[in-house]
Amino acid sequence: MRKVKTQVAIIGAGPSGLLLGQLLTRCGIENVIVERVSGEYVLGRIRAGILEQGFVELAREAGAAERLDQEGAVHEGFSIAQGDRVHRIDLKALTGGDVVVCYGQVEVTRDLMGLRADAGAMTFYQAEDAMIYEPLSSSPRVKFRHEGEELELACDFIAGCDGFHGISRQVIPASTRTEHERVYPFGWLGVLSETPPVDDEIMYCKSQRGFALASMRSSTRSRYYLQVPMDEKVEDWSDTLFWAELRRRLPKVAVEQLVTGPSIEKSIAPLRSFVCEEMRYGNLFLVGDAAHIVPPTGAKGLNLAASDVATLYRVLRMVYEEGDRSGLARYNEVALRRVWHGERFSWWMTNMLHDYGDMAVDGMAGSTFSRFMQSQLDYYLGSEHGQRVIAEQYVGLPYEQI
Ligand code: RFL
Ligand code: PHB
């Protein structure tokens, strides 16, 4: 068995693992990433598109924002449509200057992978059967197989950045973790197409036929989503069907601008709210989707992953640069506080914008729940104060200092 020693072992080369790795490498903290699939496979997952200011600033601190700053599109607002009525949420005016940036997760990941390769930091892609040993001890280990060879990675700390289906969370004994979960009775069918978007800004659309989202990756590439029942099969959705249904859900002003074309990617994502408490187990720290999932309606998943990364990065710098270990015990509390805000906002936006049909929700008929949510949406969109509540959460609450 080959033995490798490092300071921080990172499981997962998604945006959480790569961003943490880059920040640590920049300040001389050694780290090794162990990833189950290939780099190309990671880059094939389309996912997020909207970055909060906190994310952008962290990427700058990591020296990873060169292309993001050049090519990312600043969005000063977004829209919420109710049928054909479109309400613009003026993020910049309502928050006193805050905005979001539209730059795809794939591009963030590609930039971070490039920097990691340039820095010569060690990454094991296609690592099989990764297992964590002795997370409570001062010398935890990760064992895995790579190209037929058995490896043992000895380290001081393990960052579990391995997403919702990873192994890290499972290492925490069930008796010391509480899992909070809500599974929604619908998913999002997403399509990426090489067509100009219907608008310069993102449009969340509540319609009688269910929710739709009109988003983009650039001025020539659109990303659309449709709310679909949770058991829907992607094979049953031809491009023609998708565009026809989208047309029925977008407001008239958007339909007039809609350009259709072949889909480059089409997939269905389930919607779930999930939080694992605790996010720390000895010297194992859960980061990003490994610890929490939000429904994508608030554009918060990747942004919450970044705030976890920011917190863990500061904790580890305190350890290695100042010999101060007091932050280790605070990671869980600080990270979870912001996570719960993101969870609440995503759950709220999802409930207000989706259609539950006649499915019972929270002990009431779907139609009753829908009326409550309709009234809630009317109330928040109907006043500047209400819009500000949406805006300040959409741009992202500030990171807490540790
Ligand atoms: P990831 O991206 O899932 O990466 C985890 C990595 O760990 C690897 N892995 C393992 N490696 C080694 N050994 C094992 N046993 C392993 N098991 C797993 C995996 O292969 C993978 O490479 O988690 P991470 O890094 O925490 O990043 C989280 C984000 O990907 C996620 O939160 C966002 O994509 C969520 N999200 C959005 N977030 C936003 O902030 N803004 C958005 O606009 C937004 N839109 C979205 C979204 C997610 C979506 N889907 C598909 C769920 C839109 C959609 C449709
Ligand atoms: C996306 O562009 O993929 C996107 C944008 C906003 C969301 C979710 C997804 O809330």
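Just so you know, the residues in each chain are numbered from 1, in the order the chain's sequence is written. Note on labels: chains are lettered from A, ligands numbered from 1, in written order. In view of the model being predicted, local features appear only for residues whose pLDDT reaches at least 70, and side-chain atom pairs are presented and counted only at 80 or more, with totals across whole chains, interfaces and linings using the full set of residues. Side-chain numbers come from the whole structure's heavy atoms, not from hydrogens or water.

K.L.:
Pulling in residues and values, what's your account of the site of ligand 2?
P.N.:
We call a residue near a molecule or strand as soon as one heavy atom of that residue lies within 4 Å of the molecule or strand. By nearness alone, 14 residues border ligand 2, and Tyr-204, Ser-215, Arg-217, Tyr-225 and Pro-296 come closest of all. Between ligand 2 and the protein, one listed contact pairs an oxygen atom with a side-chain N or O atom of Tyr-204 at 2.7 Å. Whenever a nitrogen or oxygen atom comes within 3.5 Å of another N or O atom, the pair is scored as a polar contact, on the condition that within protein one atom can donate a hydrogen and the other can accept it, and that pairs from neighbouring residues in sequence are kept only if both atoms are in side chains. Note that an oxygen atom of ligand 2 is positioned 2.7 Å from one of the backbone N or O atoms of Pro-296. Coverage of ligand 2 by the protein chains reaches 97% of its 280 Å² of free accessible surface. In this text, helices come from DSSP runs of H or I with a minimum length of four residues, and strands from runs of E with a minimum of two, each type numbered from the N-terminal end. If you list the elements that add at least two residues to the shell around ligand 2, you get β16 (210-218) and β17 (221-229). Top contributing element to the shell around ligand 2 by residue count: β16, with three residues. In this classification, Asp, Glu, Lys and Arg are treated as charged, Ala, Val, Leu, Ile, Met, Phe, Trp, Tyr, Cys and Pro as nonpolar, and every other residue, Gly included, as polar. Looking at the shell around ligand 2 residue by residue, the class counts come to eight nonpolar, three polar and three charged. Per-residue and other accessible areas were derived by the Shrake-Rupley procedure at a 1.4 Å probe size, with only the shown protein chains allowed to occlude residues.

K.L.:
With reference to specific residues and values, describe the nonpolar core.
P.N.:
The term nonpolar core refers to a set of buried residues drawn from Ala, Val, Leu, Ile, Met, Phe, Trp, Tyr and Cys, joined through side-chain atoms within 4.5 Å. Relative accessibility decides the category of a residue: with a 1.4 Å probe and only protein chains considered, values under 20% of the type maximum give buried, values over 50% give exposed, and everything between is partly exposed. Leu-19, Leu-20 and Phe-144 are the most contacted members of the largest nonpolar core, which totals 71 residues. Sort the elements by how many residues they give to this core and helix α10 (residues 301-322) lands first, with nine residues. When near neighbours in sequence (up to four residues on either side) are disregarded, Leu-19 contacts Phe-55, Leu-58, Ala-59, Ala-62, Leu-112, Ala-306 and Val-309. Counting 35 residues, the second largest nonpolar core, distinct from the first, contains Val-100, Cys-102, Met-349 and Leu-353. The contact definition used throughout considers only heavy atoms, calling two residues in contact when any of these lie within 4.5 Å.

K.L.:
Which residues make up the pairing of strand β7 (residues 85-89), and what values do they have?
P.N.:
Pairing analysis gives five bridges linking strand β6 (residues 78-82) to β7, with the strands arranged antiparallel. Among the inter-strand pairings, Ser-79 is bridged to a residue of β7, identified as Arg-88. Two successive antiparallel strands, β6 and β7, enclose a turn made up of two residues, where Gly-83 displays a positive phi of approximately 60°. In this analysis, strands are considered paired if DSSP registers two or more bridges between them.

K.L.:
Quick rundown of the sheet that holds strand β4 (residues 50-51)? Include the residues and the values.
P.N.:
An order of β4-β8-β5 is seen for the three strands of this open sheet, with the pairing classed as antiparallel. On the outer flanks of this sheet lie β4 and β5 (73-75), each paired with one strand and no other. Bridge count for β5 against strand β8 (residues 100-102) is three bridges, and the pairing is antiparallel. Counted as the bridge partner of Ala-73 is Cys-102 from β8.

K.L.:
Run through the sheet that holds strand β12 (residues 149-154), naming residues and quoting values.
P.N.:
Two modes of strand pairing occur in sheets, parallel and antiparallel, and in both the strands are linked by backbone hydrogen bonds. Here four strands make up an open sheet; going across it, the order is β1-β12-β11-β10 and the pairing mixed. Where the open sheet ends on each side, the last strands, each with one partner, are β1 (2-5) and β10 (128-133). Taking the axes of each pair of neighbouring strands and ignoring which way they run, one obtains an average angle of 20° across the sheet. Alignment of strand β11 (residues 141-146) against β12, held across six bridges, turns out to be antiparallel. Only the contacting stretch of a helix is used when fitting its axis, a line to C-alpha atoms as for every element, and angles between N-to-C directions run 0 to 180 degrees.

K.L.:
Please give an account of the packing of aromatic side chains that cites residues and values.
P.N.:
Any two rings among Phe, Tyr and Trp, with Trp reduced to its six-membered ring, count as a pair given centres within 6.5 Å; such a pair is stacked if its planes are under 30 degrees apart, edge-to-face if over 60, and tilted if neither. Throughout the structure, instances matching the rule amount to 19 aromatic pairs. Look at Phe-78 and Tyr-204: their rings are 5.4 Å apart centre to centre, the planes differ by 75°, and that puts the pair in the edge-to-face class. One end of the pair, Phe-78, is in strand β6; the other, Tyr-204, is in strand β15 (residues 203-207), with 126 residues separating them in the sequence. Aromatic pair Trp-188 and Tyr-225: ring centres 4.8 Å apart, planes at 45°, arrangement tilted. Residue Trp-188 is located in strand β14 (residues 178-193), and its partner Tyr-225 is located in strand β17; the two are separated by 37 residues in the primary sequence. Just as Trp-188 is buried, Tyr-225 falls in that class too. Put simply, the rings of Phe-78, Trp-188, Tyr-204, Phe-211, Tyr-225 and Tyr-394 touch in pairs and so form one group of aromatic residues. Both a distance and an angle decide whether a charge sits over a ring: NZ of Lys or CZ of Arg must be within 6 Å of the ring centre and within 35 degrees of the ring normal. Its end group placed over the ring of Tyr-133, Lys-143 keeps NZ or CZ at 4.7 Å from the ring centre. Here the guanidinium or amino end of Lys-300 rests over the ring plane of Tyr-394, the centre of that ring lying 5.5 Å away.

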